[in-house]
Amino acid sequence: MISHALRRVELGEVPVATPTGRLIGASGLLLEATGCTLRTGQRCLIETGSDHRPEGTEAPLRDWLAAQVVGFRDQTAYLMPFKKPDGLAAGARVLPVVERTHLMIGPQWLGRIVNGLGEPIDGLGRLGGDLPLNMSPPKVNPLRKRPVDEPLDVGVRAINGLLTLGRGQRVGLMAGSGVGKSVLLGLITRNTVADVVVVGLIGERGREVREFIELSLGEAGLARAVVVVAPADESPLMRLRATELCHSIAAHYRDQGQHVLLLIDSLTRYAMARREVALALGEPPATRGYPPSVFSLLPELVESAGNGEGPGSMSAIYTVLAEGDDQQDPVVDTARAILDGHIVLSRALAERGHYPAIDVAQSISRCMSLVAGRPQQEAARLVKQLMARFEQVRELMPLGAYVPGADPATDRAVALWPRIEAFLHQGTHEGAPMEQTVARLQELLA
Ligand SMILES: Nc1ncnc2c1ncn2[C@@H]1O[C@H](COP(=O)(O)OP(=O)(O)OP(=O)(O)O)[C@@H](O)[C@H]1O
Ligand SMILES: [Mg+2]
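Residues numbered from 1 in each chain as written. Chains lettered and ligands numbered in written order. Predicted model: local features only at pLDDT ≥ 70, side-chain atom pairs only at ≥ 80, totals over all residues. Heavy atoms only, no water.

### Some details on the overall build of the protein chain
This is how the line gets drawn: Segments assigned H or I by DSSP are reported as helices when at least four residues long, segments assigned E as strands when at least two residues long, and all are numbered from the N terminus. Both definitions apply: the radius of gyration is a C-alpha atom measure, and the globule rule equals 2.2 Å times residues to the power 0.38. Under the scheme applied here, a residue whose accessible area is under 20% of the maximum for its type counts as buried, over 50% as exposed, and between as partly exposed, the area being computed with a 1.4 Å probe on protein chains only. Here, residues are in contact when the closest pair of their heavy atoms is within 4.5 Å. For the accessible areas, the method is Shrake-Rupley and the probe is 1.4 Å, while residue cover comes only from the protein chains on display.
The number of helices and strands found in the protein chain is 13 helices and 18 strands. For a compact globule of 446 residues, the expected C-alpha radius of gyration is about 22 Å, and the protein chain comes in at 25 Å, within 12% of that figure. Based on the C-alpha atoms only, the size of the protein chain along its principal axes is roughly 90 × 45 × 45 Å. Among the 446 residues that make up the protein chain, the fraction classed as buried is 53%. Counted over contacts in the protein chain with a minimum sequence separation of 6, partners at least 24 positions apart contribute 72%. As displayed, the protein chain offers around 20400 Å² of accessible surface, 54% of which is attributable to carbon and sulfur atoms.

Written out as structure tokens, the structure reads:
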């Protein structure tokens with residue numbers, strides 16, 4: 001069922017003289033239409049009906065299902081609906097939609113929650129805005145892109161201190177399920193120094209959406225955020241649209257000169273939605289059931305994040321699910337290759353109650369050398385070395401097999417370990433500003 005507001009706007013966009021098509025097939029996610037010219041990417045409305053008669057009338061209830069053209073063969077166009085298709089019948093009318101209207105955006109979008117089509121779902125009425133939102137922002141010439149040269153303060157000690165990120169950097173947050181990706185994302189959302197935060201909750205559990213908005217964001221966090229929601233029960237097309245919408249919204253505010261942080265939870269669900277669409281269209285599966293096109297479309301999406309030519313910036317953090325804690329998962333692998341860094345969360349740390357469970361040794365920020373000062377980089381390198389040394393003897397200690405005095409560097413690592421551990425631990429409601437963190441990192445080694 002489509003909302004009344006959408007129906008009114010979209011029916012207004014149906015040109016009177018355009019011939020309508022007919023629905024000739026529906027199997028799984030894919031609908032087939034014929035009888036009118038439809039272009040790929042074009043939206044259309046399909047007549048649906050049910051036997052339900054509104055009280056006091058004779059006519060069965062009619063409604064319109066919004067769909068998008070995803071492919072064609074000969075005279076048949078393949079469509080995919082945005083919502084669950086109910087009440088479709090052979091021969092149902094298919095109306096092509098001429099999109100004359102753009103979504104209008106402005107500062108009024110801050111504090112609002114929308115779906116993948118940009119419709120408000122928070123019950124707060126119409127979205128204001130006086131500038132058209134470009135759904136496919138032009139590609140930025142890589143030579144004219146603003147470089148990543150300023151640190152991004154995310155308010156997490158382990159990241160600010162040892163894996164410093166830069167404004168305009170795109171990183172992955174990789175972990176198996178339930179290791180703490182969403183909780184860490186919440187911590188980052190609340191504490192990052194940015195003008196605007198765009199959050200995409202893509203393909204995650206419906207229950208978590210409310211939890212994230214009420215608990216992780218809170219009133220203050222929501223005031224500077226735009227949240228785009230497409231939970232797991234939405235159609236794959238809606239999940240794709242929602243992810244792309246997040247990128248367009250973030251690019252819009254960036255081009256207005258603002259510092260924007262884009263958070264996508266999760267990139268894996270986006271890849272899975274792409275997989276569903278590609279498989280339905282008959283593309284053969286390759287790695288782990290993912291058709292090859294998924295891996296060429298992921299870089300395209302990620303490249304649309306990052307800085308533009310103007311003074312604004314757009315940093316992005318994508319969560320990536322390592323199924324079965326498998327760091328060789330094809331989406332994890334691709335994300336690692338196309339992003340400017342990855343933060344790996346470890347189940348072993350989470351099981352020990354070490355939160356945030358960031359595995360510093362396995363993580364890397366490819367922009368740290370561009371944005372962190374020399375003394376900090378040196379201190380971070382030393383701390384990582386000490387951590388590696390401590391890991392070598394960690395298991396020997398409870399057995400009494402570690403004898404101090406054999407290696408002074410290891411003894412130092414063991415002596416400093418409680419301080420290093422205290423530095424890395426952080427409560428979910430504790431902020432850790434960059435300046436304080438860097439000072440504490442230097443003190444740690446003093
Ligand atoms: N910083 C933390 N402090 C205390 N507990 C935490 C922390 N981070 C995560 N947890 C615990 O781990 C659980 C799972 O965390 P979270 O939902 O963030 O995992 P996830 O990686 O997003 O999982 P999924 O892959 O299923 O989405 C939380 O419900 C919480 O109990
Ligand atoms: Mg999660």
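### Notes on helix 3 (residues 181–191)
Looking only at helix 3, the buried set comprises K181, L184, L185, G186, L187, I188 and T189. In this structure, the buried side of helix 3 is in contact with helix 2 (157–162), strand 12 (170–175), strand 13 (196–202), helix 4 (206–223), strand 15 (259–265) and strand 16 (313–321).

### Notes on the sheet that holds strand 14 (residues 225–230)
Strand-to-strand pairing in sheets goes through backbone hydrogen bonds, with the strands running parallel or antiparallel. Stated formally: Strand pairing requires that DSSP identify at least two bridges connecting the strands.
Sheet architecture is open: eight strands sit in the order 8-14-13-15-16-12-17-18, paired in mixed fashion. Every interior strand has two partners, whereas the edge strands, strand 8 (112–114) and strand 18 (364–365), have only one. Bridge count for strand 13 against strand 14 is six bridges, and the pairing is parallel. Within strand 14, the position partnered with I202 by the bridge is A230.

### Re the packing of aromatic side chains
Definition in use: In summary, the pairing rule links any two rings of Phe, Tyr or Trp, Trp by its six-membered ring, whose centres are within 6.5 Å, and it sorts them by plane angle into stacked for under 30 degrees, edge-to-face for over 60 and tilted for everything else.
In the structure shown here, the tally under the stated rule is two aromatic pairs. Relative to F295, the ring of Y290 lies with its centre 5.7 Å away and its plane at 65°, an arrangement referred to as edge-to-face. Exposure class is identical for Y290 and F295. Each is buried. Between F390 and W417 the ring centres are 4.2 Å apart and the planes differ by 5°, which places this aromatic pair in the stacked class. Here the residue F390 occupies a position in helix 11 (residues 374–394), and W417 occupies one in helix 12 (residues 408–424), the gap between them amounting to 27 residues.

### Describing the site of ligand 1
Worth spelling out the cut-off: One heavy atom within 4 Å of a molecule or strand makes the whole residue count as near it. Here a polar contact is taken to be a pair of N or O atoms separated by no more than 3.5 Å, where protein atoms must pair a possible hydrogen donor with a possible acceptor and residues adjacent in sequence count only if both atoms sit in side chains.
Around ligand 1 lies a shell of 13 residues, among which G178, K181, S182, V183 and R205 are the nearest. At a separation of 2.8 Å, an oxygen atom of ligand 1 approaches a polar backbone atom of G178. Here an oxygen atom of ligand 1 and a backbone polar atom of G180 are 3.1 Å apart. Calculation on ligand 1 without its partners gives an accessible area of 630 Å², and the protein chains cover 69% of this total.

### Thoughts on the domain arrangement of the protein chain
Short version of the rule: By convention here, the domain bounds are inherited from an automatic or database domain assignment.
Per the domain assignment, the segments making up the protein chain are domain 1 (18–96), domain 2 (104–369) and domain 3 (377–444). Relative to domain 3, the C-alpha centre of domain 1 lies at a distance of 61 Å.

### Some thoughts on the packing of helix 12 against helix 13 (residues 434–445)
Selection rule: Fitting a line to C-alpha atoms yields each axis, with helices limited to the stretch in contact; the angle taken between N-to-C directions then spans 0 to 180 degrees. In this scheme, roughly parallel covers angles under 35 degrees and roughly antiparallel covers those over 145, while 65 to 115 is roughly perpendicular and the rest are oblique. Each crossing gets its handedness from the near helix: less than a right angle anticlockwise from the far helix is left-handed, clockwise is right-handed. Basically, the charged four are Asp, Glu, Lys and Arg, the nonpolar ten are Ala, Val, Leu, Ile, Met, Phe, Trp, Tyr, Cys and Pro, and anything else, Gly included, counts as polar.
Running from N to C, helix 12 and helix 13 cross one another at 160°; their axes reach a closest spacing of 10 Å. Our classification of the angle between helix 12 and helix 13 gives roughly antiparallel. The handedness of the crossing between helix 12 and helix 13 is right-handed. When helix 12 is examined against helix 13, the residues R412, L416, R419, I420, A422 and F423 are found in contact with a partner set consisting of T437, R440, L441, E443, L444 and L445. Taken together, the residues of the contact of helix 12 with helix 13 sort by class into seven nonpolar, one polar and four charged.

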